Amino acid sequence: MLVKDYMSRHPFMLEEDSSIVEAQSYMSEVHVRHLPVVGDGKRLLGLITRETLMIEPGSLDSLNVWEITRYLSGMKVKKIMIKARDVITVDETAAIEDAALLMIENKIGCLPVLSGRVVVGMMTQEDLLVQLCRLLVTRRPGLRVSVSMPDKPGETKKLMACVEKQGWEIQSMGGMPDLRDDTRYSTMVKIIADVSMEDVQETINQIEGHEVRDIRETQ
Amino acid sequence: MAEPTRRKSEDIPVLDIENLAVAYKVRGGEVEAVQNITLDIKKGESHGIVGESGCGKSTCAWAIINFLGANGYVKRGSIKFQGKNLVGKKGEELRRLRGDQIAMVYQDPMQSLNPSMLLGDQLKEVLTVHQGMSNSQAEKDCIRMLEKVQMPDAANVMRRFPHQISGGQQQRVVIAMALLNNPALLLMDEPTTALDVTVEAAVLDLIADLRKEFNTAIMYITHDLGVVARVSTKVGVMYAGEMVERATVEELFKSPQHPYTQGLMRCVPKLGTDRSSSILYPIPGRVPPPDGRPAGCVFWPRCDYVRKRCREERPKLRSIAGTETWVRCHFSEDIDMGSWEPPEDLVVPGTVPKKEVDETILEVKGLKKYYRVRGNSLKDVFGMGEKQYVKAVEHASFKVPRGKTLGIVGESGCGKSTLVKTIIGLEHATDGEARFLGFDITNSISARDRKLIQELQMVFQNPDSTMNPSYTVGQQIARPLKRFNVMPKEKITDEVLRLLRSMRLGEKYYDRLPRQLSGGEKQRVGIARALASHPDLILCDEPVSALDVSVQAAIINLLLEIQEEFGTTLIFISHDLSVTRFFSEYVCVMYLGQIMELGPAEEIYAPPYHPYTEALLSAVPIPDPTAKQKRVRLQGVVPSAIAPPSGCRLNTRCPRREMLPDPDICLTDPPWREVHPGHHIYCHIPLDELRKIDPVVSIKEVNHAG
């Protein structure tokens, strides 16, 4: 699961000579909040975000209404964009969790994905959320079971063995340490099986130390 | 997998054309070549565009990159690329877009390759100039890309010139070059039309794989419905500069809505269906020129369902309720394709079974044609070097009964044309026997009796190059009549007119010059000229491959009709296996100068196959996306005919070689295995093994188009 497999390929891009008026309308037209600015050969020159387009009135030469209009219409993207050296980017071969970390640590919403200096895609927070949904296989009929188990080696294996013995199909699985109790581990399994929720709950509860915290059907 | 969330920005098409009209300024006004085109292509989609020539397919693609020439311009409408309107963009910005985000692949790869530069340099240039990449890194990336397009020996190809690789490989280099910049949109204008069917199949597989891998939007222009069925997700059908139908590929082939689309489906022969159901029905008339389009619906003069409203009111492109199909027809809901009846005056030949005749008109035994090639060494200059030959035809043996058709199929360079040229006497046979009506015909044409020349005539692929441009049609046809003294002088004009009528050309064509005729009409004149001397045998060298499908159907029907009327024997060369199947009683499959399989058409197209026939059949694009076709691909390139592989000539590429317990046996000459009397396979693999192979094509449901 690498960035290059899950980024948006062929992102919308701007040229550095585009006017900021153009950039603003382009952004709302194509429903994105970040636009990489590229030069010849799609080389990254900068980045335009919603925030960069919010120009401080103080930075303008004059506050005369008529002057502002003229000034803004002549302003080019390259004047206000975040310059390439300050843009936080990710290489296409990075793992998606590393991309997520980069975004969290720097409090940013998007990462231009580069191959060398060339923009090959964009990775946004939204992309990561889409991947999270995919990872947990939402919107498919099945049973979503949250299991709490002791946080020690071999426990997941027990659960797997139990599911396999019943002949249920596992669609997806994810787990993390329980945030409130550091001796336990929470796992979510999505299974496809022609059984009632009660049966599933009962079967899993029989494993020593395991407890079904939540069970529901998904569509 | 169901898409969990669709994001708004993902729904913005890469290319969004709305209501486009392109006009060319000409003397005395302007001509709208393309009108009212609306289409959109999203990421990872492949949008096919089909139509006959002159329908504005290419103009449409050129408009996107503003490649219309000095007199062409976008008159109305918008072309949006990634949400930005391209119409009216300045040169510099467009140039950058073309370099970085939009790539094109044309029919002829040599138009995009510089013949004087090494392929490696041309490929690297894309990366070093545009992306400022270092030379060594660019070299690595280029080799990787060449490997992605399945180029054999990629590192070596980098150090070659374009002329040193084959046509299919050239096209791969062009595709690799187009993809190096990772374009968002790829425009392909007939990229496989000039390639052999086996190479075409490999390139089409490649395009489908690359589309998925790079998520590129592809606009694929072609005239071939079979190719569209294989590569597209959506299809637009164009007619006379307008888009007449747009649908997903499954819908289009399952239930074509527009009468023109239905007509197109009826005039392509299909593999897999039996012969009687694949009667071809040509669309009457031809595509009107841009300045002569009728009022009302552009298609009404050729439409079988025309009503008053069609003549008066131009239909709008409207969506059919409950489907993704858009159609430009007033009455498409009322038209049921299944109940279509051919017009009464249409003569459908080929339905009456031919009489069984035992007389053999042409018999060829062990025919050989070698061409001497001179080497470049000093020894060769003095004539002391070893003599080298191109073995164009080797040991060809077959018989053709009177009144039947023999089809010859094979890749280019397999010796089809040489064989025919040797029979007609344009080439002198090196060895072997050929007897026509009992006369020896291995000598060249100048040594032949005039009577014999009269009985053997030929129809060529390109009617342009075989007609004297300054002779009128009447003179062209009258010439063989005069030369052979077929009839007294005063009757010649009547005979020419009769021939013209039988070609459905009419008397008004008598005084026309070749340049005033369309391609199909020229081919009709070529056939009339071949028929003029009342020959017993006509050799047709790819007579329909340069023609549009609807014209192709008409010419094929015409040839069949002639055969029924005059009892003429035909030898029909074609690279198109579906046409050959439809046309011939006997088929001969050639590879590298050698006949591989010979027999009745029905049996050639069903197991047991020769491995080469099997590969050819699995490469044929079938105009039916639901048809199941096995994927058997030949590896590597056709070996040189100067030093062909010993034994079975296919042994270097044979996909079935591993079926033999001892593959080395292929290095010896294979036996002629007889399946039935008259059906022979030239292969080491025993027939029982070959019989176990499944048929290549299986069609699930009855085709509506049949």
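Predicted model, so just to flag it, every value in this text is computed and none were measured.

Engineer: Got a sec to walk through the overall build of chain A? Specific residues and values, please.
Structural biologist: When helices and strands are tallied, chain A shows 9 helices and 12 strands. Here chain A has a C-alpha radius of gyration of 24 Å; the compact-globule value for 219 residues is 17 Å, and the former is much larger. Taken over the C-alpha atoms alone, chain A extends approximately 75 × 35 × 35 Å along its principal axes. A fraction of 61% describes how many contacts in chain A between residues 6 or more apart in sequence connect residues 24 or more apart. Surface exposure of chain A reaches about 12400 Å², of which carbon and sulfur atoms provide 52%. Separation between the mean location of the 27 positive side-chain charges and that of the 34 negative ones in chain A comes to 4 Å.

Engineer: Please provide a residue-by-residue account of the overall build of chain B, values included.
Structural biologist: A tally of helices and strands in chain B yields 22 helices and 26 strands. Compactness check: chain B gives a C-alpha radius of gyration of 27 Å against a globular reference of 27 Å for 706 residues, within 12% of the reference. With the principal axes as the frame, chain B shows a C-alpha extent of 75 × 65 × 50 Å. A total of 706 residues make up chain B; the buried ones form 57% of that total. Sequence separation of at least 24 residues holds for 68% of the intrachain contacts in chain B that already meet a minimum separation of 6. Taken as two groups, the 90 positive and 88 negative side-chain charges of chain B have centres that lie 4 Å from each other.

Engineer: Lay out the sheet that holds strand S21 (residues 586-591) of chain B in plain terms, naming residues and giving numbers.
Structural biologist: All names here are of chain B. The 8 strands lie next to each other as S18-S19-S20-S15-S21-S22-S25-S24, forming an open sheet whose pairing is mixed. Whereas interior strands pair on both sides, the edge strands pair on one side only; in this sheet they are strand S18 (456-459) and strand S24 (672-676). Strand-to-strand twist across the sheet, computed as the mean angle between neighbouring axes with direction ignored, equals 20°. With 4 bridges joining them, S18 and strand S19 (residues 537-541) adopt parallel strand pairing. Residue pairing across strands places glutamine 457 opposite isoleucine 538, the latter belonging to S19.

Engineer: Can you tell me about the confidence of the model for chain A, naming the residues and giving the values?
Structural biologist: Overall, the predicted model of chain A reaches an average pLDDT of 88, with 100% of residues at or above 70. Mean pLDDT in chain A bottoms out at helix H4 (residues 65-74) of chain A, which sits at 82, and peaks at strand S6 (residues 90-91) of chain A, which reaches 95.

Engineer: Break down the sheet that holds strand S4 (residues 72-81) of chain B for me, with residues and values.
Structural biologist: Taken in spatial order, the 4 strands make up an open sheet running S2-S1-S4-S5 (chain B), and their pairing is antiparallel. Two strands bound the open sheet, and with one partner strand each, they are strand S2 (29-41) and strand S5 (84-85) of chain B.

Engineer: Outline the packing of aromatic side chains, supporting the account with residue identities and numerical values.
Structural biologist: Residue and element names in this part refer to chain B. Within this structure, the stated rule accounts for 9 aromatic pairs over all chains. A centroid spacing of 5.3 Å and a plane angle of 65° characterise the contact between tyrosine 260 and phenylalanine 299, whose relative ring orientation is edge-to-face. Of this pair, tyrosine 260 sits in helix H10 (residues 259-266) while phenylalanine 299 sits in the loop between H10 and helix H11 (308-312), and the two are 39 residues apart along the sequence. Each member of the pair tyrosine 260 and phenylalanine 299 is classed as buried. Between tyrosine 591 and tyrosine 612 the ring centres are 4.8 Å apart and the planes differ by 50°, which places this aromatic pair in the tilted class. Here tyrosine 591, found in strand S21, pairs with tyrosine 612, found in helix H21 (residues 611-619); they are 21 residues apart in sequence, far enough to count as distant.

Engineer: Please set out a positive patch on the surface residue by residue, giving values where relevant.
Structural biologist: Positive charge collects at one region of the surface, where Arg450, Arg479, Lys482, Arg483 and Lys489 of chain B lie side by side. A relative accessible area of 47% means that arginine 483 of chain B is categorised as partly exposed.

Engineer: Account for helix H16 (residues 492-502) of chain B, naming residues and giving values.
Structural biologist: All names here are of chain B. Regarding H16, the residues found buried are Ile492, Glu495, Val496, Leu497, Leu499 and Leu500. Taken together, the buried residues of H16 touch helix H15 (473-483) and helix H17 (519-532). Count one or two residues on from H16 and you reach arginine 504, which has phi positive near 60°.

Engineer: Summarise the confidence of the model for chain B; cite the residues concerned and give the values.
Structural biologist: Detailed reading of the predicted model is not advised wherever pLDDT is low. Residues and elements named next belong to chain B. Averaged over all residues, the pLDDT of chain B equals 85, while 95% of them reach at least 70. Counting contacts from residues 701-706, a segment whose pLDDT is below 50, to residues more than four positions away or on other chains yields 10 contacts. For this predicted complex, the interface confidence comes out at an ipTM of 0.82, alongside a pTM of 0.85.

Engineer: Explain the environment of proline 162 of chain B residue by residue, including any values.
Structural biologist: All names here are of chain B. The residue proline 162 is located in the loop between helix H5 (154-157) and helix H6 (167-180) in this model. Distance from proline 162 to leucine 113, taken between C-alpha atoms, is 6.9 Å for residues 49 residues apart in sequence. Setting aside residues up to four positions removed in sequence, proline 162 forms contacts with Met110, Leu113, Asn114, Pro115, Met117, Leu119, Gln122 and Gln170.

Engineer: Please give an account of the interface of chain B and chain A that cites residues and values.
Structural biologist: Tallying the contact residues gives 32 residues for chain B and 29 residues for chain A. The contact between chain B and chain A buries some 2900 Å² in all, and 47% of this surface belongs to carbon and sulfur atoms. Our count for the chain B to chain A interface comes out at 2 salt bridges. Arginine 96 of chain B is the partner of glutamate 15 of chain A in a salt bridge, and the nearest nitrogen-oxygen pair spans 2.8 Å. Where chain B meets chain A, there are 13 residue pairs in polar contact (both at pLDDT 80 or more). Residue assignment for the side of chain B that touches chain A shows that the elements contributing at least two residues are helix H2 (91-100), helix H3 (119-131) and helix H7 (197-214) of chain B. Here the residues of the side of chain B that touches chain A sort into 8 nonpolar, 12 polar and 12 charged.

Engineer: Which residues make up the state of the cysteines, and what values do they have?
Structural biologist: Residue and element names in this part refer to chain A. With the rule as written, the count across this model stands at 0 disulfides over all chains. Distance from the sulfur of cysteine 133, which forms no disulfide, to the nearest cysteine sulfur (cysteine 110) is 20 Å. Residue classification places cysteine 133 among the partly exposed positions, given a relative accessible area of 26%.

Engineer: For the environment of glycine 41 of chain A, give the residues involved together with the corresponding values.
Structural biologist: Within the secondary structure, glycine 41 of chain A is located in the loop between strand S3 (34-38) and strand S4 (44-49). By relative accessible area, which is 0% here, glycine 41 of chain A ends up buried. For the pair glycine 41 of chain A and arginine 180 of chain A, spaced 139 residues apart in sequence, the C-alpha to C-alpha distance is 51 Å. Apart from residues lying up to four places away in sequence, glycine 41 of chain A is in contact with Val118 of chain A together with Asp100, His130 and Gln131 of chain B.

Reading the values: rules and limits
Residues numbered from 1 in each chain as written. Chains lettered and ligands numbered in written order. Predicted model: local features only at pLDDT ≥ 70, side-chain atom pairs only at ≥ 80, totals over all residues. Heavy atoms only, no water. Helix = DSSP H or I, 4+ residues; strand = E, 2+ residues; numbered from the N terminus. Rg over C-alpha atoms; globule rule 2.2 N^0.38 Å. Contact = heavy atoms within 4.5 Å. Areas by Shrake-Rupley, 256 points an atom, 1.4 Å probe, with all protein chains shown as cover. Lys, Arg positive; Asp, Glu negative; His and termini not counted. Charge placed at Lys NZ, Arg CZ, Asp CG, Glu CD. Buried < 20%, exposed > 50% of the residue type's maximum accessible area, 1.4 Å probe, protein only. Pairing = 2+ DSSP bridges. Axes fitted to C-alpha atoms, helices over the stretch in contact; angles between N-to-C directions. pLDDT = per-residue confidence, 0-100. Phe/Tyr/Trp six-rings, centres within 6.5 Å; stacked < 30°, edge-to-face > 60°. Patch = residues over 30% accessible without salt bridge, like charges linked within 9 Å, V, L, I, M, F, W, Y side chains within 5 Å. Salt bridge = Lys/Arg side-chain N within 4 Å of Asp/Glu carboxyl O. Buried area = accessible area lost by both parts, 1.4 Å probe. Polar contact = N/O pair within 3.5 Å; in protein donor to acceptor, adjacent residues only side chain to side chain. Nonpolar A, V, L, I, M, F, W, Y, C, P; charged D, E, K, R; others polar. Disulfide = S-S within 2.5 Å.

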